[in-house]
Amino acid sequence: MTKDPFLEAAIEEAAKGWAEGGIPIGSVLVRGGKILGRGHNRRVQQGDPMAHAEIDCLRGAGRIGGYAGTVLYSTLMPCYLCAGAVVQFGIPKVVAGESRTFPGAKDWLVSRGVEVVDADDPACVAWMRRMIEEKPALWNEDIGR
């Protein structure tokens, strides 16, 4: 069972996305023990290929004046699009729920000085495995295959 309350919040966002008929990936942005923004993948719901969970989360946080001291939590290792936003805004740390189903851009983030923690959380793995099994065409579309 997940114990990190911020990863739990990201998992809650992933569940919202799935309930809406979308992709179960969620994200939260945290600073000083407080959630600044929440989001989930809305690519299907909005017909927007850029509406990844991390982007939705950053939009939800709005203009916060700077990203020093923030941590971006995501249920899945961020892709290059979302990793680019992390680097662009100077977010110093990313906590990913898992990278078994999708390796994402971990090495690239690390090469840019971002601390990356892979929680290898069973709940996050289960969500993505369910997605891949039940909606393989949508999964392949999401990861650009």
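Reading the values: rules and limits
Residues numbered from 1 in each chain as written. Predicted model: local features only at pLDDT ≥ 70, side-chain atom pairs only at ≥ 80, totals over all residues. Heavy atoms only, no water. Helix = DSSP H or I, 4+ residues; strand = E, 2+ residues; numbered from the N terminus. Expected span 1.5 Å × (residues − 1). Buried < 20%, exposed > 50% of the residue type's maximum accessible area, 1.4 Å probe, protein only. Arc of directions from axis to C-beta. Polar contact = N/O pair within 3.5 Å; in protein donor to acceptor, adjacent residues only side chain to side chain. Core = buried A, V, L, I, M, F, W, Y, C linked by side-chain atoms within 4.5 Å. Contact = heavy atoms within 4.5 Å.

Thoughts on helix H6 (residues 122-134)
- In a regular helix each residue adds 1.5 Å, so 13 residues correspond to 18 Å; H6 covers 18 Å between its end C-alpha atoms and thus fits that length.
- Of the residues making up H6, those classed as buried are Cys 124, Val 125, Trp 127, Met 128 and Met 131. Seen along its axis, H6 keeps its buried residues to an arc of 160 degrees; they face one direction. Within H6, the exposed residues directed more than 90 degrees away from the buried face are Pro 122 and Glu 133.
- The residue sitting at the N-terminus of H6 and contributing the capping side-chain oxygen is Asp 121; that oxygen lies 3.0 Å from the backbone nitrogen of Ala 123.

Details of the environment of Gly 65
- When you line up the elements, Gly 65 lands in the loop between helix H3 (53-61) and strand E3 (70-74).
- By relative accessible area, which is 86% here, Gly 65 ends up exposed.

Quick look at the environment of Ala 68
- Along the chain, Ala 68 turns up in the loop between H3 and E3.
- Ala 68 sits 37 residues away from Arg 31 along the chain, and the two C-alpha atoms are 8.5 Å apart.

Concerning the nonpolar core
- Formed by 42 residues in total, the largest nonpolar core has its most connected members in Leu 29, Leu 72, Tyr 73, Val 86, Ile 91 and Met 131.
- The set of elements that each furnish at least two residues to this core consists of helix H1 (5-19), strand E1 (26-31), H3, E3, helix H4 (80-89), strand E4 (93-96), H6 and helix H7 (136-142).
- It is H1 that provides the largest number of residues to this core, a total of six residues.
- Excluding its chain neighbours within four sequence positions, the residues that come into contact with Tyr 73 are Asp 4, Phe 6, Leu 7, Ala 10, Gly 26, Ser 27, Val 28, Val 30 and Val 95.

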